[in-house]
Amino acid sequence: ACHARYSSLFIMPSISNLHNHLELAPAAAFPQNSTPLNFTCINPPCLCRPTLRSHRGHPRNIMSAQTETQLSSLVDKIAALEKSSWNITHQKGSSSPSSDNADASTIIITPDLRRARRHVQESHCYSSTWNLCPSNYYKLGLDERKVILGAHSTSQLCKACLFENKNFVPNEDMKTAEDPTNSRYYLVVVQYVESINTKKLASELRGLRPQGPTRFDPGYFADLRLAPEEISEQLTGYGHNGVSPFGMLDRSIPVLVCKSIMNVKPGFVWMGGGHKDWKLGMAVSEFAQALNAIVLDVSEPRDAA
């Protein structure tokens, strides 16, 4: 006889983690001549094939067409459950997402999206919401993007840019290697209606240290540049137009928030969600607190740049 049991179906804070915790395992003890069923599915939607093992340990493939169909159905249900757990919004109207994006059956939740969402959940950002935008989102003007996101003002639309200090010199004390006052890279979150003033950025970064022997020379932050796209993707884990301050691969990178963002009314902003077609929105207060962000006055209106 074949004796098998479900060891557990781990329910994680995010349904997305189910993919990594769906497991069918044999009981701890079986009769000597039994043939327990071993099955572990760690990467749906692959159709993993369970095997029968005799008491001598020789594997035998026993996947039947019926079992394979049942497993495929289970995987589809898990995927649908995950998608339904995302707080995804679609705005109606002429600028709404294209039909291929709006069709839930075609929505693909990537590992990058899961990583960003996991960080948001771990940070208890209860105001967070996700918007799947049309593929031509970045070909549209800010006013059209505002409509798609359901924002009240274009000042609520933000982006994250990775800056590199070309003059960076590591701290002599390795215990302070992750020092926000002296980092090689900084992720700066700025509104689309504003631009970064690198002179102000250099001055504000220098001012993070008190006056005295530990403060850097005036020229230390004089060569701040946008990091190359490949470096940005390597450190953040996100591609062009998809950079999110949540779920970065290198979380030691300090996050700087332009002071003007803190004054947005209503206090809700949109930013990259981990993919160019996904935007993450949340309350400004939760956003700054969750990332332990450093608020600096480093931007200015684009029409004044």
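What counts as what
Residues numbered from 1 in each chain as written. Predicted model: local features only at pLDDT ≥ 70, side-chain atom pairs only at ≥ 80, totals over all residues. Heavy atoms only, no water. Core = buried A, V, L, I, M, F, W, Y, C linked by side-chain atoms within 4.5 Å. Buried < 20%, exposed > 50% of the residue type's maximum accessible area, 1.4 Å probe, protein only. Helix = DSSP H or I, 4+ residues; strand = E, 2+ residues; numbered from the N terminus. Contact = heavy atoms within 4.5 Å. Pairing = 2+ DSSP bridges. Axes fitted to C-alpha atoms, helices over the stretch in contact; angles between N-to-C directions.

Participant: How should the nonpolar core be read in this particular structure?
Facilitator: Within soluble globular proteins, side chains that are nonpolar generally end up buried alongside one another. Ranked by internal contacts, the top residues of the largest apolar core, which has 51 residues, are F246 and F287. No other element matches strand β9 (residues 185–191), which puts 6 residues into this core. In this structure, F246 is in contact with A116, H119, V120, S123, C125, Y238, M271, L280, M282, F287, A290 and L291, ignoring residues within four places of it in sequence. Residues Y137, I148, L157 and W270 belong to the second largest nonpolar core, which totals 9 residues.

Participant: I tried to follow the sheet that holds strand β8 (residues 158–165) on my own but got confused; where do I start?
Facilitator: Note on sheets: strands pair through backbone hydrogen bonds, and any given pair is parallel or antiparallel. If you trace the 5 strands from one edge of the open sheet to the other, you get β11-β8-β9-β12-β15, paired in mixed fashion. Only two strands of the sheet have a single neighbouring strand rather than two, namely β11 (224–226) and β15 (294–296). Ignoring strand direction, the axes of neighbouring strands in this sheet form an average angle of 35°. As defined by bridge partners, β9 adjoins strand β12 (residues 255–258) across 3 bridges and the pair is classed as parallel. The residue bridging L187 from the neighbouring strand is V255, located in β12. In the packing of helix α5 (residues 198–206) onto the sheet, contacts are made with β8, β9, β11, β12 and β15, and the angle to β11 comes to roughly 125°.

Participant: Would you mind going over unusual backbone geometry with me for this structure?
Facilitator: With glycine set apart, most residues show a phi of negative sign, and most peptide bonds adopt trans. Here the bond from K265 into P266 is cis, since omega is -10°, no more than 30 degrees from zero. Structurally, the position occupied by P266 is in the loop between β12 and β13 (268–275). A positive phi is found at H124, a non-glycine position, where the angle reads about 55°. Residue placement: H124 occurs in the loop between α3 (111–122) and β7 (129–132). Positive phi values are uncommon outside glycine, yet N241 reaches one of about 70°. Within the secondary structure, N241 is located in the loop between α6 (229–236) and β12.

All we've got here are geometric facts, nothing functional implied.
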